[in-house]
Amino acid sequence: MTQADVIFETLEKVSDRVGDPKERIYARLFTTHPEFEELFVLDVDGGVRGSMLESCFNCITGAAEQSDLPRFHLEAARMIHDGYGIDEGQIDAMFDAIRDTFRDVLAGDWTPAMETEWSAILADLARMGRAPA
Ligand code: HEM
């Protein structure tokens, strides 16, 4: 199985098991980083959270498919979020929250291949779009 197969398999299995994982992912993010929750107070209908999560999924699937788009996307996101007081390294916490939520949801069905490929993709995403040191 390729990395993309493993990533898509995870997304499919999570969706089969719990439907839309959005609430769980944000709950996890706000548990590990309570300081981020207040940044979303104006997002009363959850629309911003939904479209932000979709962007994150696009980065993950794009990276698995070796697309260049996640790099541009993340370069922009790191810059824009800096304006919300989130420094460029902190935004990777969202990808951690996604992977950790999926690992919990799949529990005994989380495979060693998933562990390997999600670690690899998170490391790739963490390197993308960073300002030169
Ligand atoms: C801990 C990590 C993150 C936090 C706390 C965070 C926080 C936020 C906040 C507060 C907003 C709303 C800003 C506003 O409209 O006033 C936002 C919007 C957005 N974020 Fe994030 N972000 C994180 C990670 C990411 C990542 C990894 C991406 C991936 C590309 C991303 C993509 C976006 C996009 C596209 C929007 C605009 C959504 C829309 O208005 O339609 N964010 N983020």
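Residues numbered from 1 in each chain as written. Predicted model: local features only at pLDDT ≥ 70, side-chain atom pairs only at ≥ 80, totals over all residues. Heavy atoms only, no water.

Another point: the coordination of the iron atom of the ligand. When a metal carries six donors in an octahedron, the ideal angles between them are 90 or 180 degrees, while four donors in a tetrahedron ideally lie at 109.5 degrees. Of the protein atoms, only Met-52 (SD) and His-81 (NE2) coordinate the iron atom of the ligand, at distances of 2.0 to 2.2 Å. Around the iron atom of the ligand sit six donor atoms, and with donor-metal-donor angles ranging over 83 to 179° the site reads as octahedral. Taken as a pair, Met-52 in helix α3 (residues 47–64) and His-81 in helix α4 (residues 69–82) lie far apart in primary sequence, 29 residues in all. Each member of the pair, Met-52 together with His-81, is buried. (Donors = N, O, S within 2.8 Å, 3.2 Å for Na, K, Ca; no water. Tetrahedral: all angles 85-135°; square planar, octahedral: opposite > 155°, others 65-115°. Helix = DSSP H or I, 4+ residues; strand = E, 2+ residues; numbered from the N terminus. Buried < 20%, exposed > 50% of the residue type's maximum accessible area, 1.4 Å probe, protein only.)

Turning our attention to helix α6 (residues 112–127). A rise of 1.5 Å per residue sets the reference length of α6, with its 16 residues, at 22 Å; its end C-alpha atoms lie 23 Å apart and thus fit the reference within 8%. The complete set of buried residues in α6 reads Met-114, Glu-117, Trp-118, Ile-121, Leu-122 and Leu-125. All buried residues of α6 project into a common sector of 135° when viewed along the axis, lining one side. The exposed set on the far side of α6, more than 90 degrees from its buried face, consists of Pro-112 and Arg-127. (Expected span 1.5 Å × (residues − 1). Arc of directions from axis to C-beta.)

Here we come to the packing of α3 against helix α5 (residues 93–106). At a closest axis distance of 11 Å, the pairing of α3 and α5 adopts a crossing angle of 80°. One way to sum up the angle between α3 and α5 is to call them roughly perpendicular. When α3 is examined against α5, the residues Met-52, Leu-53, Cys-56, Phe-57, Cys-59 and Ile-60 are found in contact with a partner set consisting of Met-94, Phe-95, Ile-98 and Phe-102. Looking at side-chain class alone, the contact of α3 with α5 contains 10 nonpolar, no polar and no charged residues. (Axes fitted to C-alpha atoms, helices over the stretch in contact; angles between N-to-C directions. Parallel < 35°, antiparallel > 145°, perpendicular 65-115°, else oblique. Contact = heavy atoms within 4.5 Å. Nonpolar A, V, L, I, M, F, W, Y, C, P; charged D, E, K, R; others polar.)

The ligand sits among 20 residues. The nearest are Ser-51, Met-52, Ser-55, His-81 and Tyr-84. At 2.5 Å, a side-chain N or O of Ser-51 approaches an oxygen atom of the ligand. His-81 is positioned such that a nitrogen or oxygen atom in its side chain is 2.8 Å from a nitrogen atom of the ligand. When residues of the shell around the ligand are traced back to their parent elements, those giving at least two are α3, α4 and α5. Classifying every residue of the shell around the ligand by side-chain character gives 15 nonpolar, five polar and no charged. (Near = heavy atom within 4 Å. Polar contact = N/O pair within 3.5 Å; in protein donor to acceptor, adjacent residues only side chain to side chain.)

Further remarks concern the nonpolar core. Judged by nonpolar contacts, the single largest core of 37 residues is most densely connected at Phe-95, Ile-98 and Trp-118. Elements that contribute at least two residues to this core include exactly α1 (3–18), α2 (22–32), α3, α4, α5 and α6. (Core = buried A, V, L, I, M, F, W, Y, C linked by side-chain atoms within 4.5 Å.)

What follows concerns the packing of aromatic side chains. If you walk through the whole model with that rule in mind, you get five aromatic pairs. Look at Phe-57 and Phe-102: their rings are 6.2 Å apart centre to centre, the planes differ by 25°, and that puts the pair in the stacked class. In this pair, Phe-57 is assigned in helix α3 and Phe-102 in helix α5, connecting sequence segments 45 residues apart. Where Phe-102 meets Trp-118, the ring centres are 5.6 Å apart and the plane angle is 90°; that geometry is what we call edge-to-face. (Phe/Tyr/Trp six-rings, centres within 6.5 Å; stacked < 30°, edge-to-face > 60°.)

Take the environment of Glu-35 next. Tracing the backbone through its elements, the reader meets Glu-35 in the loop between α2 and α3. Given a relative accessible area of 40%, Glu-35 falls into the partly exposed group. It is 19 Å that separates the C-alpha atoms of Glu-35 and Ala-77, two residues lying 42 residues apart in sequence.

Taken by themselves, the reported measurements are silent on function.
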